[in-house]
Structure formats: structure tokens, C-alpha cells
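If you want the building blocks of each chain, they are given just below.
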Amino acid sequence: MTVESLSSIIIQLLRQGKYDLVDSFSRKAISSLKDYVCSLSHDEVWRIIDNVTGGLGYTLNDKDISRLIIYGSYISWVEVIRQGYKILEIGTGLGRTCYTVLSTVMPSLYLTIDSSREILAIALHRNPYPPFQEALSNPCVKICLCDAVKAVDMIKDVFDHIIHDGGPNPNKNPELYSNDFLEKLANLLKSDGTLSIFGSKNRSWQNRLYHKLKDLGFHVKTEPLPYSPVVVFHCIKS
């Protein structure tokens, strides 16, 4: 199956709300890279992770999972999530934010979108953090291999909570931080729903995002990550 035909199928299934099939098609496509990612050296795996995710909060000499989980908890804003919530995530990555949620509370749906087949193949088949890989195998987790900009146009559901972890550098993915995209996310949230969005370490982007979110009617609180120039915006839909 070509990339284009797979994308078309996933888009149609999203429109119909058939998340089990979205997950099935996505995982099957991701599995086609299993042998490739399993053949990579340790250094090659980390190069891909760094290139796609921009790093998850580890340092060159210290890739301790504890720091990653702390940062992931800030990004997921796990303390506002309740049992049975429907959650939408932009940017699956290695499954860090998914892990922080599922290790605390069990949603009824965790729909997570990522466009990188490579990073998802590593996350599912060569994850350097096994607890993250295990979280992604939970039945409530539905993986969507798709461009998030296209995906949100198709989704008809309303969510209790949205996690936007679309990358540390908005300059690389400006569409994921555009007024149009953020407005579409706001429309997918229930009244009084919550949104957590990774705000990068770039001060100009932080200011821009803060004002965009305020203009969309969110109550916004800026949360700095510990010992880091990065901020996360915790938002409540008014």
C-alpha cells in the first residue's frame, strides 16, 4: 500500500470515528519498519529520536527516565485528567506523555497522532524506555499515523482533554502552532475542557502562543519546566 493510499484510508476512517481501524491500519504500516529499526545501532536509534523529537529532556550523558517522566507529567497536565476521559494527543513521540497519563488514570480513549513512521516504529518496536512502549500497547490507546493538520479536520468527536506535544521547535512545524490549527483544537474540546501545549524555549514563540491562546478565549497559565527554559501552557476552555 502506498503512503498516499494509506493516508486516504486513515483520513476516511477518522471522519467516520472508526478509531479501532485507524489504529489497526496505522500499527500495520508502522510494523513494516520493525526489522529496520531493530537492525539499527544504539547511536543510530538516538540520532533518529533526537532528529524527530528534538530531545525529550535528557542530556548527552544522562538519559535517565525519571527526568523524562517529570517533564512528561508537566506536558500532559496529568493532574486534571479524570477516569474515563477522552483524550486527543498531537505528537506521539516515544509515548512519554501517554505513559504519564496511563500510569495515573485510565481514559476511555487516548487518540494519539504522529506523522513520523520512523519514530512510531522505534516507539513500538525499539523503544529505549520499555514503560513507554508498554503504555502504547494499552487497548485504550489508538495510534493515528497521519499529518495532524489533516487529521483534526476529519475528527468529529469532542474531547475532555487535549495534549499538544507537537515538537520543541515551532519553526519546524509552524502549521501545528498556527491560529487556524489552534482554533480547530479548541473546537474539539468540550466546554471547560483542558488543553496543554508545549511552548518551546523560544521567547518570541512563547509570547506569540500565549496571546493566540488568550485570543481564542482560553484561561492560560504558563508553567516552566524545572531547570529548563521551556514552558508549557495549561489552558481551560471558557
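Predicted model only: the values in this text are computed from it and were never measured.

Definitions and limits used
Position labels on residues start from 1 in each chain and follow its written sequence. Under the rules for a predicted model, residues below a pLDDT of 70 receive no local features and side-chain atom pairs below 80 are neither given nor counted, while totals for whole chains, interfaces and linings still include all residues. Hydrogens and waters are ignored; side-chain quantities use all the structure's heavy atoms. Under the scheme used here, helices are H or I runs from DSSP no shorter than 4 residues and strands are E runs no shorter than 2 residues, and both carry numbers assigned from the N terminus. As defined in this context, the radius of gyration uses C-alpha atoms, and a globule is described by 2.2 Å times the residue total to the power 0.38. Under the scheme applied here, a residue whose accessible area is under 20% of the maximum for its type counts as buried, over 50% as exposed, and between as partly exposed, the area being computed with a 1.4 Å probe on protein chains only. Any pair of residues with heavy atoms lying within 4.5 Å of one another is described as a contacting pair. Surface accessibility in these figures is a Shrake-Rupley result with a 1.4 Å probe; residues are shielded only by whichever protein chains are displayed. His is not counted, nor are the chain ends; Lys and Arg add positive charge and Asp and Glu add negative charge. Lys charges are placed at NZ, Arg charges at CZ, Asp charges at CG and Glu charges at CD. Fitted lines through C-alpha atoms serve as axes, helices being fitted only where they are in contact, and the angles separating the N-to-C directions of these axes extend from 0 to 180 degrees. Roughly parallel means an angle under 35 degrees; roughly antiparallel means over 145; roughly perpendicular covers 65 to 115; every other angle is labelled oblique. Throughout, the ten residues Ala, Val, Leu, Ile, Met, Phe, Trp, Tyr, Cys and Pro are labelled nonpolar, Asp, Glu, Lys and Arg are labelled charged, and all others, Gly among them, are labelled polar. The aromatic pairing rule takes the rings of Phe, Tyr and Trp, using the six-membered ring of Trp, and pairs them if the centres are within 6.5 Å, calling planes under 30 degrees apart stacked, those over 60 edge-to-face and the rest tilted. Only lysine NZ and arginine CZ atoms are considered, and such an atom sits over a ring when it is within 6 Å of the ring centre and within 35 degrees of the ring normal.

Peer 1: When you look at the overall build of the chain in this model, what are you seeing that I'm missing?
Peer 2: Looking only at helices and strands, the chain features 11 helices and 7 strands. The globule rule puts the C-alpha radius of gyration for 238 residues at 18 Å, and the 17 Å found for the chain is close to it. Principal-axis analysis of the C-alpha atoms gives the chain an extent of 45 × 45 × 35 Å. Relative to its full complement of 238 residues, the chain shows a buried share of 50%. Relative to all contacts within the chain whose residues are 6 or more apart in sequence, the contacts with residues 24 or more apart total 70%. Total accessible area on the chain stands at roughly 10900 Å², and carbon and sulfur atoms take up 51% of it. Here the chain contributes 26 positively and 25 negatively charged side chains, and the mean placements of these two sets differ by 2 Å.

Peer 1: How should unusual backbone geometry be read in this particular structure?
Peer 2: Peptide bonds are mostly trans, and most non-glycine residues show a negative phi. Notably, Ser200 is not glycine yet its phi reads approximately 65°, a positive angle. Among the secondary structure elements, Ser200 is positioned in the loop between β5 (189-198) and α11 (203-215). Even without being a glycine, Tyr227 presents a positive backbone phi close to 55°. Mapped onto the fold, Tyr227 is located in the loop between β6 (218-224) and β7 (231-237). Using a relative accessible area of 85% as the deciding quantity, one classes Tyr227 as exposed.

Peer 1: What should I look at first to understand the packing of helix α2 (residues 19-31) against helix α7 (residues 117-125) in this one?
Peer 2: When two helices pack together, you describe them by how their axes are tilted relative to each other and by the distance separating the axes. Orientation of α2 relative to α7, taken along the N-to-C sense of each, is 90°, at an axis distance of 9 Å. Comparing their axes, α7 and α2 come out roughly perpendicular. Residues Arg27, Ala29, Ile30 and Ser31 of α2 form the contact with α7, whose own contacting residues are Arg117, Leu120, Ala121, Leu124 and His125. Tallied by class, the residues present in the contact of α2 with α7 amount to 5 nonpolar, 2 polar and 2 charged.

Peer 1: Teacher, can you tell me more about the packing of aromatic side chains here?
Peer 2: Per the counting criterion, the structure on display carries 5 aromatic pairs. Plain terms: the ring middles of Tyr129 and Phe132 are 5.2 Å apart, the flat faces sit at 40° to each other, and that makes the pair tilted. Centre to centre, the rings of Tyr210 and Phe233 are 6.2 Å apart; their planes meet at 50°, and the pair counts as tilted. Taken as a pair, Tyr210 in helix α11 and Phe233 in strand β7 lie far apart in primary sequence, 23 residues in all. In this structure Phe233 comes out as buried when scored by relative accessible area, which is 1%. One aromatic cluster is present, formed by Trp46, Tyr99, Tyr129 and Phe132 through successive ring pairs. For Arg208, the ring lying beneath its charged end belongs to Trp205, and the centroid distance is 4.2 Å.

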